[in-house]
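As a plain string of letters, each chain reads:
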Amino acid sequence: MRTIIIDDERLAREELKKLLKDYHEIEIIDEAKNPEEGIEKIKALKPDLIFLDIQMPGMTGFDMLKKLDEIPQVVFVTAFDDFALKAFEVNALDYVLKPVDPARLDETIKKLLNNSEADFQSTAKAPKIDRSSRPLTISDSIFIKDGEKCFYVSLDKVRLFESDGNYVKVYFEKSRPLILRSLNSLEERLEPQHFFRANRKYIINLNWIHKVENWFNGGLQVELKPLIVKNASGADEIREGEKIEISRRQAIKFKELFSI
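Scoring rules and cut-offs
Residues numbered from 1 in each chain as written. Predicted model: local features only at pLDDT ≥ 70, side-chain atom pairs only at ≥ 80, totals over all residues. Heavy atoms only, no water. Helix = DSSP H or I, 4+ residues; strand = E, 2+ residues; numbered from the N terminus. Buried < 20%, exposed > 50% of the residue type's maximum accessible area, 1.4 Å probe, protein only. Contact = heavy atoms within 4.5 Å. Areas by Shrake-Rupley, 256 points an atom, 1.4 Å probe, with all protein chains shown as cover. Polar contact = N/O pair within 3.5 Å; in protein donor to acceptor, adjacent residues only side chain to side chain. 1 Å grid on protein atoms, 1.4 Å probe; cavity = no way out; pocket = protein on both sides within 12 Å on 5 of 7 lines; lining within 4 Å. Points joined across faces, edges and corners; volume = space filled by probe spheres on them. Phe/Tyr/Trp six-rings, centres within 6.5 Å; stacked < 30°, edge-to-face > 60°. Pairing = 2+ DSSP bridges. Axes fitted to C-alpha atoms, helices over the stretch in contact; angles between N-to-C directions. Arc of directions from axis to C-beta.

Undergrad: Explanation requested: the overall build of the chain in the structure shown.
TA: Scanning the chain from terminus to terminus reveals seven helices and 17 strands. Burial analysis of the chain (260 residues in total) assigns 45% to the buried set. Considering only residue pairs separated by 6 or more positions, the chain has 49% of its internal contacts joining residues 24 or more positions apart. Summing over all exposed atoms, the chain offers an accessible surface of approximately 14,700 Å²; the carbon and sulfur share of this is 50%.

Okay, structure coming up:
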C-alpha cells in the first residue's frame, strides 16, 4: 500500500517511519513537511494511504483535504484529541494520538490491511460506517452534513449535482448543501439510467427533466421541472427549474442513449 506521511515535525515523521517499517505491506513512497507540499505529492504520486497531521502551519489537515479532487485513505496522527469526531465526518480510516503507541498503530494497520468493514474506532470511540464502495440507487437516501446543518434526503429528490471547487453542491428542494467529494467520484456511484453527466460541472437527475432544446455548437439545453416551495408567509411559490447546458460531446451520448 503506497503511503505518504504528512507532518510538519521532522521527528514525528521519523518516528512514524520507524514504526511502519515492520509492516512490509506499507510502502512509504514519500513524505511532506507541510500541507502545500502534501497536496503536490498526492497529486503527483497518487498514494493509496496518507498519515496526516492536523495542526500544521498555513492550513490544517482538514483544509488540505478540501483542496484535493481525489482523496486517498486517511489516518490522522495528531497530538490533539479534540478533532476526533470531525475526522470521521471526512471518512478518515482512523485517528491516532501522538506519541503513537505501537499497539494502537498495529490495530489500525491490521484493520486497514484486512479491509474490514467493521467499525474503526478512534481513542474517542467514534465509529466509522462506510458505504462508499457500493453503487447508489435512485431509492437510496444519503446523509449530508454541511456546517451545522444535517440532511437525510432520498436521491429521487436530488435534481442536480454541481461541481464547486473541491466540493459538490447538492440541489434538492430549497437546499444546496456542499459535500467534500469530486464530481467524477460521485458519478461512478450513481445509476446511469437515472443520472447523466451533462458537462464538466453538472450531473442531472433525468427524472427531473422538463424540457430539452437544441443549443449552440451542437449541444443541448435542458430545463428542469419547476419547484414548488413555501415562501416566508407559508404560501406555495413556484420557481423555474434550472437550465443546464449539455455539452456537444455529451449531447451525442444523450441522443444515442435515449433516442427511440
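Undergrad: Teacher, can you tell me more about the side chain of Asn205 here?
TA: Structurally, Asn205 is set in strand 12 (residues 202-205). A relative accessible area of 0% means that Asn205 is categorised as buried. Among the polar contacts made by the side chain of Asn205, one reaches the main-chain carbonyl oxygen of Leu155 at a distance of 3.5 Å. A polar contact is formed between the side chain of Asn205 and the backbone oxygen of Val158, at a distance of 2.8 Å. Excluding its chain neighbours within four sequence positions, the residues that come into contact with Asn205 are Ile138, Leu155, Asp156, Val158, Arg159, His194 and Phe195.

Undergrad: Even after reading the chapter, I still don't get empty space enclosed by the protein, so can you show me in this structure?
TA: Any empty space left between the atoms is revealed when a probe the size of a water molecule rolls over them. On inspection of all chains with the given rule, the structure shows two cavities of 30 Å³ or more. Counted as a void, the largest cavity has a volume near 40 Å³. Along the walls of the largest cavity sit Ile5, Ile6, Asp7, Ala12, Arg13, Leu16, Phe51, Leu52, Asp53 and Val77, which together make up its complete lining. The leading source of residues in the lining of the largest cavity is helix 1 (residues 10-20), at three residues.

Undergrad: Sorry if this is basic, but what is going on with the packing of aromatic side chains here?
TA: How two aromatic rings sit relative to each other is given by the distance of their centres and the angle of their planes. Enumeration over the complete set of coordinates arrives at seven aromatic pairs. Each ring, one from Phe196 and one from Phe254, has its centre 5.3 Å from the other, and the planes form 75°; the classification is edge-to-face. Of this pair, Phe196 sits in strand 11 (residues 195-197) while Phe254 sits in helix 7 (residues 248-258), placing them 58 residues apart in sequence. Under the relative-accessibility criterion, Phe196 is labelled buried at 3%. In this structure an aromatic cluster arises from ring pairing among Phe196, Phe254 and Phe258.

Undergrad: Got a minute to help me understand the sheet that holds strand 5 (residues 94-97) in this structure?
TA: Sheet strands pair by backbone hydrogen bonding; their relative direction is either parallel or antiparallel. Judged by pairing direction, the sheet is parallel, and its five strands sit side by side in the order 2-1-3-4-5 without closing on themselves. Single-partner strands in this sheet number two, and they are strand 2 (27-32) and strand 5. Averaged over all pairs of adjacent strands, the angle between strand axes in this sheet comes to 20°, irrespective of strand direction. As defined by bridge partners, strand 4 (residues 73-78) adjoins strand 5 across four bridges and the pair is classed as parallel. Bridge pairing in strand 5 places Thr78 opposite Leu97. Where helix 1 meets the sheet, it contacts strand 1 (2-6), strand 2, strand 3 (49-52) and strand 4, and its direction lies at approximately 175° from that of strand 2.

Undergrad: What am I meant to see in the sheet that holds strand 10 (residues 178-179) here?
TA: One open sheet holds the five strands; their spatial order is 10-9-8-12-11, and the pairing between them is antiparallel. In this open sheet, the two edge strands, each paired with only one partner strand, are strand 10 and strand 11. Sheet topology note: the strand 8 (residues 158-164)/strand 12 ladder contains three bridges and is antiparallel. Of the residues in strand 12, the one forming a bridge with Leu160 is Ile204.

Undergrad: Got a minute to help me understand helix 7 in this structure?
TA: What sets the pattern is the α-helix's 3.6 residues per turn: residues three or four places apart point alike. For helix 7, the set of buried residues is Gln250, Ala251 and Phe254. The arc enclosing the buried residues of helix 7, seen along the axis, measures out at 105°, which places them on a common side. Seen from the buried face of helix 7, the exposed residues on the opposite side, beyond 90 degrees, are Arg248, Arg249 and Glu256.

Undergrad: Can you help me understand the environment of Arg189 in this one?
TA: Following the sequence through the fold, Arg189 ends up in helix 6 (residues 183-189). Each C-alpha atom, one on Arg189 and one on Thr137, is 8.5 Å from the other, the two residues being 52 residues apart in sequence.

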